[in-house]
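Notes for the structure review
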Amino acid sequence: MIRAVTFTGIVVGALLLTGCTVFGQPTFAEVRQETLDAMDEVVALIPDHGRIERTPEFKPYSCDDPLVMGTGDGAFFTGQWTVAVPPDLDVVEFLDQIPTRLPEWAEEDLGVPTKEPYIYLVRKTPRMTLSVEESTLDGGKAIELLAISRCGIEDSDDLKSHGQGIDWPLTNSPTTPASPAPISSAGRRFPFTANE
């Protein structure tokens with residue numbers, strides 16, 4: 001009887017610990033969708049936007065990847081879009097309005113020189129970072145979005161669905177050099193802040 005109670009206690013304890021570290025964390029599919037929804041929300045603010053060029057999804061970075069100085073379980077999603085805008089759109093004014101039009105986001109200073117116009121935003125709940133900057137697309141004016149999700153636990157369905165079943169263009173496997181951090185059109189590497 002004591003052996004059965006001890007065994008049950010160990011199993012329940014292990015399940016509780018596992019629940020805190022895995023089951024309490026969102027899935028990768030959930031954090032990916034949160035990121036895409038946030039990007040859609042910004043695009044919806046752009047008056048009369050044109051074509052959206054979506055950078056192909058690549059193999060997600062592990063949250064404990066030393067390249068991004070992260071910690072934690074799972075992986076984070078990176079979304080990068082370039083959105084064509086009307087030639088008369090005042091991009092500086094548009095970027096200045098984003099924090100008031102999206103009050104759940106806070107503008108933060110990266111502490112490094114940036115090409116203007118540019119804005120770096122952080123949302124606390126659910127955690128996500130988003131940079132928005134002026135760019136070009138098809139020779140015309142555009143706005144580039146780069147969003148980085150919080151960590152999400154990948155399951156077997158997530159692993160099969162990334163990239164719609166195609167081979168990853170980038171990899172972080174032990175036999176291949178680590179892929180670089182995402183880079184904006186201005187050539188800046190974006191810091192990993194999704195798991196802070």
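Described below are features of the structure shown in this document.

The rules we used
- Residues numbered from 1 in each chain as written.
- Predicted model: local features only at pLDDT ≥ 70, side-chain atom pairs only at ≥ 80, totals over all residues.
- Heavy atoms only, no water.
- Core = buried A, V, L, I, M, F, W, Y, C linked by side-chain atoms within 4.5 Å.
- Buried < 20%, exposed > 50% of the residue type's maximum accessible area, 1.4 Å probe, protein only.
- Helix = DSSP H or I, 4+ residues; strand = E, 2+ residues; numbered from the N terminus.
- Contact = heavy atoms within 4.5 Å.
- Salt bridge = Lys/Arg side-chain N within 4 Å of Asp/Glu carboxyl O.
- Disulfide = S-S within 2.5 Å.

**Some words on the nonpolar core**
L130, V132, I143 and L145 are the most contacted members of the largest nonpolar core, which has 30 residues in total. Counting residues per element, the ones that place at least two in this core are α2 (28–45), β3 (75–84), α3 (91–101), β5 (118–123), β6 (128–137) and β7 (140–152). Tallying contributions element by element places α2 first for this core, with eight residues. Leave out the neighbours within four places in its chain, and L145 touches M39, V42, V43, G79, Q80, W81, L130, S131 and V132. F58, Y61, C63 and L146 belong to the second largest nonpolar core, which has seven residues in total.

**Some remarks on the pattern of salt bridges**
Counted according to the given criterion, the structure contains five salt bridges. Taking the shortest distance from any N to any O, the salt bridge between R51 and E53 comes out at 2.4 Å. When its relative accessible area of 39% is taken as the criterion, R51 is described as partly exposed. Note on E53: relative accessible area 34%, which makes it partly exposed. E108 is the salt-bridge partner of K124, the closest N and O atoms lying 3.7 Å from each other. Of this pair, K124 sits in the loop between β5 and β6 while E108 sits in the loop between β4 (105–107) and β5, placing them 16 residues apart in sequence. Owing to a relative accessible area of 54%, K124 belongs among the exposed residues under this scheme. Judged by relative accessible area, E108 falls into the partly exposed class, the value being 32%. A single salt-bridge network, built from bridges that share partners, covers R51, E53 and D138.

**Focus on the state of the cysteines**
Summed over all chains, the structure comprises one disulfide. A sulfur-sulfur separation of 1.9 Å characterises the disulfide bridge that pairs C63 with C151. Residues C63 and C151 are joined by a disulfide whose S-S torsion is about -125 degrees; by sign, that bridge is left-handed. Within this pair, whereas C63 is found in the loop between β2 (61–62) and β3, its partner C151 is found in strand β7, the two being separated by 88 residues in sequence. You'll find C63 and C151 in the same group, each marked buried.

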